[in-house]
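Read off the chains here:
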Amino acid sequence: GTGTEPPQPGVAASGAVTATATAAPSAPAAAPRSGSACAGVPASLEREPVGTALAKIPELSTLAKAAKRTGLVEKIDTVEDVTLFAPVDKALDGKIKKLMKDQRAVGSLLGYHMVQGRTPRSGLRGKLTNLQGDTLVVKGSPERAKVNGARVICGELSTRNATVYLIDKVLLPK
């Protein structure tokens, strides 16, 4: 760039997750959950910030441990008004799992999987821009949505500062 562009929300070189500051919306009403991976999700996460809530969702234990191990829980707990497409444990096996000890890698992964604003299930369509400025493409109906080919397997979980969708694959830059 020319150096005159406004700063983009995303992940800083330090691995810090950043987003543009917005007024904190009132917590949305609990949305109906749907999807095969929703069975073990606690009934109420609305009062928990997203980083803390990850540890309470059984299917996200690997991502939660990685965020905690790398000191990113506190950072994502302070991000306001985002949507997180969270890869479940099965998606984070192999090579990806090895990266989960590196703060920069985990921060980059989280930034790639977050978009600014709370996206309701009805809004899961078309193109969304993640916090790194890349485009995520949502295809299919809201009930059977795929984000860059990753299937939403549990959707519209509300935390204090984010809406979370569990997905079956890691989203990677093309």
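Residues numbered from 1 in each chain as written. Predicted model: local features only at pLDDT ≥ 70, side-chain atom pairs only at ≥ 80, totals over all residues. Heavy atoms only, no water.

**Q** Kindly report on the pairing of strand β5 (residues 126-129), identifying the contributing residues and their values.
**A** Relative to strand β6 (residues 135-139), β5 is paired through four bridges, and the arrangement is antiparallel. Bridge pairing links K127 to V137 in β6. The hairpin formed by β5 and β6 contains five residues between the paired strands, and G133 there has a positive phi angle of roughly 90°. (Pairing = 2+ DSSP bridges. Helix = DSSP H or I, 4+ residues; strand = E, 2+ residues; numbered from the N terminus.)

**Q** Outline the sheet that holds β6, supporting the account with residue identities and numerical values.
**A** Pairing in this open sheet of seven strands is mixed, and the strands run β4-β3-β9-β8-β7-β6-β5 from one edge to the other. Strands at the two margins of the open sheet, each flanked by one partner only, are β4 (114-116) and β5. For strand β7 (residues 146-147) and strand β8 (residues 150-158), the ladder comprises two bridges, and the chain directions are antiparallel. Directly across from K146, in β8, lies its bridge partner R151.

**Q** Report on unusual backbone geometry, specifying residues and quantitative values.
**A** Although it is not a glycine, N148 sits at a positive phi angle of roughly 50°. Locating N148 in the fold gives a position in the loop between β7 and β8. If you check the backbone angles, E156 has positive phi at about 60° while not being a glycine. Examined against the element boundaries, E156 turns out to sit in strand β8.

**Q** Tell me about the environment of L110, and name the residues and values.
**A** Here L110 shows up in helix α5 (residues 103-112). Measuring from C-alpha to C-alpha, the distance between L110 and L72 comes to 9.4 Å, with 38 residues separating the pair along the chain.

**Q** Break down a positive patch on the surface for me, with residues and values.
**A** A surface patch of like charges, here positive, comprises K65, R69, K97 and K101. Along the chain, R69 falls in helix α2 (residues 61-69). (Patch = residues over 30% accessible without salt bridge, like charges linked within 9 Å, V, L, I, M, F, W, Y side chains within 5 Å. Areas by Shrake-Rupley, 256 points an atom, 1.4 Å probe, with all protein chains shown as cover. Salt bridge = Lys/Arg side-chain N within 4 Å of Asp/Glu carboxyl O. Lys, Arg positive; Asp, Glu negative; His and termini not counted. Charge placed at Lys NZ, Arg CZ, Asp CG, Glu CD.)

**Q** Describe the environment of A55, naming the residues involved and giving the relevant values.
**A** For A55, the location among the structural elements is in the loop between α1 (50-54) and α2. With relative accessibility at 60%, the residue A55 sits in the exposed group. In sequence terms A55 and A67 are 12 residues apart; their C-alpha atoms lie 9.4 Å from each other. (Buried < 20%, exposed > 50% of the residue type's maximum accessible area, 1.4 Å probe, protein only.)

**Q** Kindly report on the confidence of the model for the protein, identifying the contributing residues and their values.
**A** Looking at the protein, the pLDDT average stands at 82 and 79% of residues meet or exceed 70. Counting contacts from residues 1-16, a segment whose pLDDT is below 50, to residues more than four positions away or on other chains yields 26 contacts. Predicted confidence for residues 20-32 stays below pLDDT 50, and this span has 14 contacts to residues more than four positions away or in other chains. (pLDDT = per-residue confidence, 0-100. Contact = heavy atoms within 4.5 Å.)

**Q** How would you sum up the pairing of strand β9 (residues 162-167)? Please name residues and give values.
**A** With respect to burial, β9 is a largely interior element, six of its six residues being buried. Across the two faces of β9 the burial is the same, with A162, V164 and L166 and T163, Y165 and I167 all buried. With six bridges joining them, strand β3 (residues 82-87) and β9 adopt parallel strand pairing. Among the inter-strand pairings, V82 is bridged to a residue of β9, identified as A162. In this sheet, β9 lies alongside β8 in antiparallel orientation, the contact comprising four bridges. Among the inter-strand pairings, L157 is bridged to a residue of β9, identified as V164. Linking β8 to β9, which pair antiparallel, is a turn of three residues.

**Q** Kindly report on α2, identifying the contributing residues and their values.
**A** Of the residues making up α2, those classed as buried are T62, L63, A64, A66 and A67. Where α2 terminates, the next one or two residues include G71, which has phi positive at roughly 75°.

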